[in-house]
Each structure stands twice: as structure tokens, then as C-alpha cells.
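Listed below are the residues making up each chain.
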Amino acid sequence: MRKRPSTLADVARRAGTSTAVVSYVMNNGPRPVAAATRERVLAAAAELGYRPNRIARALRSRTTGVAGLVLADASNPYFGALARHVERALEGRDLLTLVGNAGYSAQRQRHLVERFLAAQVDGLVIVSADSVGDVAEVAEAAGVPAVYVHHGPPGAPVAAADNQDAVREAVAHLRGHGHRHVAFLTGPDDEGPVGVRRAAWQAAVAGDPGAALLRCDYSRAAADALTRGLAAAGTLPRALVTATDEQAIGVLSGAWARGVAVPDRLAVISLDGAPESAHTAPALTVTEQPLQAMAEQAVALLFDEAAAAPLAARASLILRRSCGCAGGDLDLVS
């Protein structure tokens, strides 16, 4: 037989006080409670296994203590790492996080936003990978604050990294290793931040007809197959900047399969810098996105009316073995 959950009244009886005092302790106000009484209430709650009822609190305060997080692709380690930082930032404000996976689908992204709004979330953080529509407008029309992180439609508030500076730094670093032609691996299209990165690469290599633009899906398998094909055809570039870590890992595996030495024959820098990039063979040199700063800025924009307008944060160049730097097992910030 299922045990009845403990109530506020149960805790009050056990602590020898009123339900109002128990409520003040559990909600940190609105009235102060003497330290000794507070300890007695918390001890009684622990003994009874009492947990505050979020639904009841929502009815009283018109807030749920829950925020929604829409991810572009939950299976991508980069977005997974970003989600962890967003969740920690929300937890710091005593908010529970509901996570939804859009799977790179604008339609599903819209569907998730509608579902989260129906669940009465207090705010929405949207990690969008494309520029289709402004779902934050849907939330704001419902009276719920929303903000983008990583990428957002033109004109929307977004906490993001400085992708243009990151690309320029990656290209300059590879040229510092003596590479005259620096190729770029982008996706099947140029949506979102990848489009910004590709445009920055084109500006950095302007006037160099030997700098190749390559395309494949944002997956390890696609980049692996592309690398094998280029190696077999003898058209593999000497230096390459990849738009994403997933593509960079595929490049490394394809190079290994074809006996292409990295970095001696092929130097690689990736533009995401998720934690997993340090554990490839060889370890990837990356422009590491400032995920924690982006997450904290997004949450501040969400709940602090006085928060400053978002500024693009610097992506640090982390030097490892894949670009040709010695001692690549260590993380060195340029």
C-alpha cells in the first residue's frame, strides 16, 4: 500500500509550531523565523520525508519554480555540455530544469516551446541551431520570458561566443605553422553559427584560391567518409578548420583509416571545443566556446531586467597536438 506523502500540517505537528511558520521556513520567507525554530522545522521535515508541493506553491505564488531548456540536438556532446552549464545556472536560482530535444527540427522546436508554455514554466532558454522563426516571440506573447543561447534569429537576444574572432585566430595559428592554404569544413548548408564561421573563414583567406571549402553533414560518419574520399583522390588539404567537433572527430578517424598522419600530413583545428575534444587521438586543438559564461549570461538576461545587453564572449584557442603544437597533451591558452 502506497504511503501517504507528508504534508505541511504533519511537519507543523512534529515541530510543535504552526503551518505558517513551516511555510516561512520552506519558502525562505516572507517572514523571518528564529534559528532554533527553523532547525526544529527542518529536522521534522527530514524525519517525515516531507517535500514541498510545487503545484501548491505555483497556485499561491503564480510561479512554478521550473524553467524550460530546448536543445538543438541532445546527442551532440557540445550541446550536452552547454545544457549542463545552463542547468547549473538555473539551479543557482532555485529553478528546476525541464529539457527537450528539438533534433535540429524547427517544427519540433516550436512544439517543445508550446508544451513548456502549457506546463507553466517561469522562463525558457532556447539553444537553437537554425534561423527559422523566432519561437521566443511565442513565449513572450504568453507572458513568459525567453532567451537564446549559442544562436538566435537576427535581432533576438542571444548569449553567444565571438565566432568571427575564433575563426580568424584558428586560421592565423595554422598559418603560423607554415600552412599557406587553410581549408574549411562546413555543413550541408550555412544556417546558424556555422554560416557566421564560414563567412569569417572566407574573409580570412580572401585572395587565396588554394583554400578549399568542404561540406558534409554534422556527423562523425559523414566527415570520416569525406576524409577517406579526399585522401583516396589525393585532394586532402594540408590544414583544415572544422565547423564542429563532431566533424573534426570524424576527420581524425577517416585520416587514421587512410594512414594520413595528423598533424604531419593534415593539421586540424575545431571550432566548438566541447570537453570530449581533449580525449581524441591526437587531442584536438580547438577554439573553446565559453559555455559557462554563455549559460550564465543567458539566465541573467532571462530573469534580471537590469542585465546588460549580451556581448559576444571570447572563444579561447586551446593548443593541443592536432594542429602541430608540441606537448599537445597539455591545454595551453594562447
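A. Structural view of the overall build of the protein chain. From N to C terminus, the protein chain includes twelve helices and twelve strands. Buried residues in the protein chain amount to 49% of all 334 residues. Contacts spanning at least 24 positions in sequence make up 66% of the contacts within the protein chain whose residues lie at least 6 apart. In the structure as shown, the protein chain presents an accessible area of about 16200 Å², 53% of it carried by carbon and sulfur atoms.

B. Spatial organisation of the pattern of salt bridges. The tally for this structure, following the rule as stated, stands at eleven salt bridges. A salt bridge links Glu-47 to Arg-14, with the nearest nitrogen and oxygen atoms 2.8 Å apart. Here Glu-47 is found in helix H3 (residues 35–48), whereas its partner Arg-14 is found in helix H1 (residues 8–15), with 33 residues between them in sequence. Relative accessible area serves as the criterion here: at 45%, Arg-14 is assigned to the partly exposed category. Between Asp-224 and Arg-228 there is a salt bridge, with its nearest N and O atoms 2.5 Å apart. In this pair, Asp-224 and Arg-228 both sit in helix H10 (residues 220–233), four residues apart, roughly one turn of the helix. Overall, the relative accessible area of 13% leaves Asp-224 in the buried class.

C. Inspection of helix H6 (residues 106–118) at higher detail. The end-to-end C-alpha separation of H6 is 19 Å, in line with the 18 Å expected for 13 residues at 1.5 Å each. Every buried residue belonging to H6 is among Gln-109, Leu-112, Val-113, Phe-116 and Leu-117, and all of these are buried. Seen along its axis, H6 keeps its buried residues to an arc of 135°; they face one direction. Away from its buried face by more than 90 degrees, H6 exposes Gln-107, Arg-115 and Ala-118. For H6, the secondary structure elements touched by its buried residues are strand S1 (66–71), strand S2 (96–101), strand S3 (123–126) and helix H7 (135–141).

D. Representation of the pairing of S3 within the structure. Burial along S3 is two-sided: the residues Gly-123 and Val-125 and Leu-124 and Ile-126 are all buried. Strand direction decides the pairing type here: S1 and S3, joined by four bridges, are parallel. Looking at the pairing, Leu-69 lines up with Val-125 of S3. Pairing of S3 with strand S4 (residues 146–149) involves three bridges; the strand directions are parallel.

E. Structural context of the confidence of the model for the protein chain. When pLDDT is averaged along the protein chain, the result is 87; 90% of the residues meet or exceed 70. Across residues 328–334 the pLDDT falls below 50, and counting only partners more than four positions away or on other chains, this stretch makes 18 contacts in the model.

F. Up close: the nonpolar core. In this structure, Leu-69, Val-86, Val-125, Val-127 and Val-149 are the most contacted members of the largest nonpolar core, which totals 26 residues. Elements with a minimum of two residues in this core: S1, helix H5 (77–91), S4 and helix H12 (291–303). With eight residues, the single largest contributor to this core is H5. Apart from residues lying up to four places away in sequence, Val-127 is in contact with Leu-69, Val-70, Leu-71, Ala-72, Phe-79, Leu-82, Gln-109, Val-149 and His-150. With 21 residues, the next largest nonpolar core counts Val-194, Val-205, Ile-269 and Leu-317 among its residues.

G. A look at the environment of Leu-213. Looking at the element boundaries, Leu-213 is found in strand S7 (residues 213–215). Between the C-alpha atom of Leu-213 and that of Ala-183, which follows or precedes it by 30 residues, the distance is 5.9 Å. Those residues in contact with Leu-213 that sit more than four places away from it in its chain are Phe-184, Thr-186, Arg-198 and Trp-201.

Criteria and cut-off values
Residues numbered from 1 in each chain as written. Predicted model: local features only at pLDDT ≥ 70, side-chain atom pairs only at ≥ 80, totals over all residues. Heavy atoms only, no water. Helix = DSSP H or I, 4+ residues; strand = E, 2+ residues; numbered from the N terminus. Buried < 20%, exposed > 50% of the residue type's maximum accessible area, 1.4 Å probe, protein only. Contact = heavy atoms within 4.5 Å. Areas by Shrake-Rupley, 256 points an atom, 1.4 Å probe, with all protein chains shown as cover. Salt bridge = Lys/Arg side-chain N within 4 Å of Asp/Glu carboxyl O. Expected span 1.5 Å × (residues − 1). Arc of directions from axis to C-beta. Pairing = 2+ DSSP bridges. pLDDT = per-residue confidence, 0-100. Core = buried A, V, L, I, M, F, W, Y, C linked by side-chain atoms within 4.5 Å.

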